[in-house]
Amino acid sequence: MRQDLAAELSALSATLTTIEKIMDPQEMSERVRELEARASDPSLWDDPENAQQVTSELSTVQGNLRKLQELRQRLDDLPIMYELAEEEGEGTEQVDEEFAELCADIQSLEVKTMLSGEYDAREAVINIRSGAGGVDAADWAEMLMRMYIRWAEKSGRNVDIYDISYAEEAGIKSATFVVHGEYTYGTLSVEQGAHRLVRISPFDNQARRQTSFAEIEVLPVVETTDHIDVPDSDIRVDVYRSSGPGGQSVNTTDSAVRITHIPTGIVVTCQNEKSQIQNRASAMRVLQAKLLERKRQEERAEMDALGAGGNASWGNQMRSYVLHPYQMVKDHRNQFEVNDPAKVLDGEIDAFLEAGIRWRMSQTEA
């Protein structure tokens with residue numbers, strides 16, 4: 001085996017060893033046994049909510065342990081695969097492909113170990129708002145919503161759309177949706193900020209270049225263990241008829257709900273369900289998520305004032321998507337860029353997410 005290849009395999013093995021130290025497969029195995037014992041207890045389902053948490057955690061830990069073991073096995077097999085390919089004088093290209101895929105898989109898992117924040121393991125609430133740019137900005141906001149939904153589909157995550165406010169001519173004014181799945185908040189939190197689009201406007205009859213903006217807000221889904229009290233006296237609840245495209249009967253009853261948090265002025269809406277009760281529950285979850293984030297920002301500001309924190313602001317423009325006069329998507333925080341906007345807008349944003357997470361980690365360590 002080539003000396004340079006042996007060095008690359010050794011470096012990859014060192015990276016995987018570091019990941020194993022962090023994830024601790026022995027501790028994971030013990031946790032699996034503990035959860036399996038709890039899951040086999042017939043009385044577990046006397047408390048369905050707790051049972052769901054136990055079975056969900058068991059599935060997650062088992063999956064992570066299996067992934068770690070498979071990566072180690074694949075890495076151990078690579079030198080043998082190269083030796084066999086060299087002896088037979090063919091098949092080296094296929095082994096190179098496996099090497100490249102293994103590198104990507106290990107790097108992806110390495111990024112996941114960087115998600116150690118208090119809320120990183122949670123699901124995510126995404127709020128998208130159109131900014132400067134008129135109808136182009138509304139269209140751009142809808143393009144971004146599709147991008148994140150496509151990413152969720154490709155990564156096996158489900159999406160629940162809570163509310164969409166459609167613009168008059170095209171696109172959307174705003175949208176709120178939840179992306180389910182483990183570590184979704186930690187992964188998508190690096191997307192928060194202003195996203196800029198530069199293109200020839202399809203809404204300009206003179207085909208002029210247009211710059212438009214949309215704002216992305218990412219919040220962790222609130223859990224029952226979070227202490228976010230919202231007294232009824234602090235909120236005003238309005239009901240109204242849903243608007244925009246809808247399914248059968250969605251636009252025929254006053255089922256949409258708007259909740260205003262009086263002390264802060266925060267307003268949330270939900271109209272995806274036919275039931276007013278369901279829409280109110282969903283809107284309350286989003287309100288609690290916003291209040292939780294507000295609380296975190298206030299605590300962070302206090303720490304910054306005491307000199308214990310860094311600059312949490314990434315600026316108003318965190319990423320640009322240029323479709324004309326050239327093709328490029330660039331993250332202005334870490335300078336990562338690609339030259340295929342079409343793929344990015346179709347949900348292939350993993351490289352940007354990984355670069356963002358690594359950049360955030362480097363800022364924390366600085």
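These numbers come from a predicted model, not from an experiment.

With that settled, the discussion passes to the side chain of Arg157. Tracing the backbone shows Arg157 in the loop between helix H5 (134-154) and strand S2 (159-166). Despite being buried, Arg157 has no salt bridge partner; Asp350 is the closest side chain of opposite charge, sitting 6.4 Å away. Here the side chain of Arg157 touches Thr184 through a polar contact of 2.9 Å, side chain to side chain. Among all residues touching Arg157, those that are not within four sequence positions of it are Trp151, Ala152, Val179, His180, Gly181, Glu182 and Thr184.

Attention shifts here to the sheet that holds strand S3 (residues 172-179). Across the sheet, which stays open at both edges, the 8 strands sit in the order S2-S3-S1-S5-S4-S9-S10-S11 with mixed pairing between neighbours. Taken across any chain shown, the strands that pair with only one partner, and hence form the sheet edges, are S2 and strand S11 (337-338). Sheet topology note: the strand S4 (residues 193-200)/strand S5 (residues 209-220) ladder contains 8 bridges and is antiparallel. By the bridge assignment, His195 is partnered in S5 with Ala214. Strands in contact with H5 are strand S1 (124-130), S2, S3, S4, S5 and strand S9 (319-322); relative to S5, the strand with the most contacts, it is inclined by about 45 degrees. Docked against the sheet, helix H9 (residues 350-365) engages S9, strand S10 (328-331) and S11, running at close to 20 degrees with respect to S10.

Glancing now at the packing of helix H4 (residues 92-112) against H9. Where H4 meets H9, the axes come as close as 10 Å, and the angle between the chain directions of the two elements is 45 degrees. One element, H4, and the other, H9, form an angle in the oblique class. Regarding H4 and H9, the two cross each other, and that crossing is left-handed. Note on element contacts: H9 touches H4 through Glu354, Ile357 and Arg358, opposite Gln107, Ser108, Glu110 and Val111.

Moving on, we come to the pattern of salt bridges. The full count for this structure, using the stated rule, is 22 salt bridges. Of the charged contacts in the structure, one is a salt bridge between Glu191 and Arg319, with a shortest N-O distance of 2.6 Å. Linking Glu191 in the loop between helix H6 (184-188) and S4 with Arg319 in strand S9, this pair joins segments that are 128 residues apart in sequence. Residue Arg319 is classed as buried on the basis of its relative accessible area, which comes to 0%. Residue Arg236 is joined to Asp238 by a salt bridge in which the shortest nitrogen-to-oxygen separation is 3.5 Å.

A cis amide bond, omega 10 degrees, links His324 with the succeeding residue Pro325. One can find Pro325 in the loop between S9 and S10. Located in the positive-phi region is Asp24, a residue other than glycine, with phi close to 55 degrees. On the basis of relative accessibility, which here comes to 28%, the residue Asp24 falls in the partly exposed class. Positive phi is not limited to glycine here, since Tyr183 has a value of about 60 degrees.

Per-residue confidence for the chain gives a mean pLDDT of 88, with 91% of residues at or over 70. A low-confidence stretch, residues 246-251 stays under pLDDT 50, and its non-local contacts, those more than four residues away or across chains, total 10 contacts. Counting contacts from residues 306-315, a segment whose pLDDT is below 50, to residues more than four positions away or on other chains yields 11 contacts.

Let us now look at the nonpolar core. Counting 57 residues, the largest nonpolar core has Ile126, Ile128, Leu144, Tyr148, Leu287 and Tyr321 as the members making the most contacts within it. With 9 residues, H5 is the largest single contributor of residues to this core. Excluding anything up to four places from it in sequence, Ile128 contacts Ala141, Leu144, Met145, Tyr148, Lys173, Ser174, Ala175, Phe177, Glu215 and Ile216. Core analysis: the second largest hydrophobic core is formed by 26 residues, Leu16, Leu35, Ala51 and Val54 among them.

We now examine H9. The first and last C-alpha atoms of H9 sit 23 Å apart over 16 residues, in line with the 22 Å expected at 1.5 Å per residue. All buried positions along H9 are accounted for by Phe352, Leu353, Ala355, Gly356, Ile357, Trp359 and Arg360.

Here we take up the packing of helix H1 (residues 3-23) against H4. It is at 10 Å that the axes of H1 and H4 come closest, and there the two elements cross at 30 degrees. Judged by the inter-axis angle, H1 sits roughly parallel to H4. The hand of the H1/H4 crossing is left-handed. In this structure, H1 contributes Leu5, Glu8, Leu9, Leu12, Thr15, Leu16, Ile19 and Met23 to the contact, and H4 contributes Phe99, Leu102, Cys103, Ile106, Leu109 and Glu110. Among the residues forming the contact of H1 with H4, the class breakdown is 11 nonpolar, 1 polar and 2 charged.

Further remarks concern the environment of Ser43. Tracing the sequence through the fold places Ser43 in the loop between helix H2 (25-39) and helix H3 (48-88). Relative accessible area serves as the criterion here: at 37%, Ser43 is assigned to the partly exposed category. Sequence-wise, Ser43 and Asp120 are 77 residues apart; in three dimensions their C-alpha atoms are separated by 31 Å.

Given a rise of 1.5 Å per residue, 21 residues ought to cover 30 Å, and the 31 Å separating the end C-alpha atoms of H5 matches this to within 8%. After H5 finishes, the residue Gly156 shows a positive phi value of roughly 75 degrees.

Calculation notes
Residues numbered from 1 in each chain as written. Predicted model: local features only at pLDDT ≥ 70, side-chain atom pairs only at ≥ 80, totals over all residues. Heavy atoms only, no water. Helix = DSSP H or I, 4+ residues; strand = E, 2+ residues; numbered from the N terminus. Buried < 20%, exposed > 50% of the residue type's maximum accessible area, 1.4 Å probe, protein only. Lys, Arg positive; Asp, Glu negative; His and termini not counted. Salt bridge = Lys/Arg side-chain N within 4 Å of Asp/Glu carboxyl O. Polar contact = N/O pair within 3.5 Å; in protein donor to acceptor, adjacent residues only side chain to side chain. Contact = heavy atoms within 4.5 Å. Pairing = 2+ DSSP bridges. Axes fitted to C-alpha atoms, helices over the stretch in contact; angles between N-to-C directions. Parallel < 35°, antiparallel > 145°, perpendicular 65-115°, else oblique. Left-handed = near helix turned anticlockwise from the far one by under 90°. pLDDT = per-residue confidence, 0-100. Core = buried A, V, L, I, M, F, W, Y, C linked by side-chain atoms within 4.5 Å. Expected span 1.5 Å × (residues − 1). Nonpolar A, V, L, I, M, F, W, Y, C, P; charged D, E, K, R; others polar.

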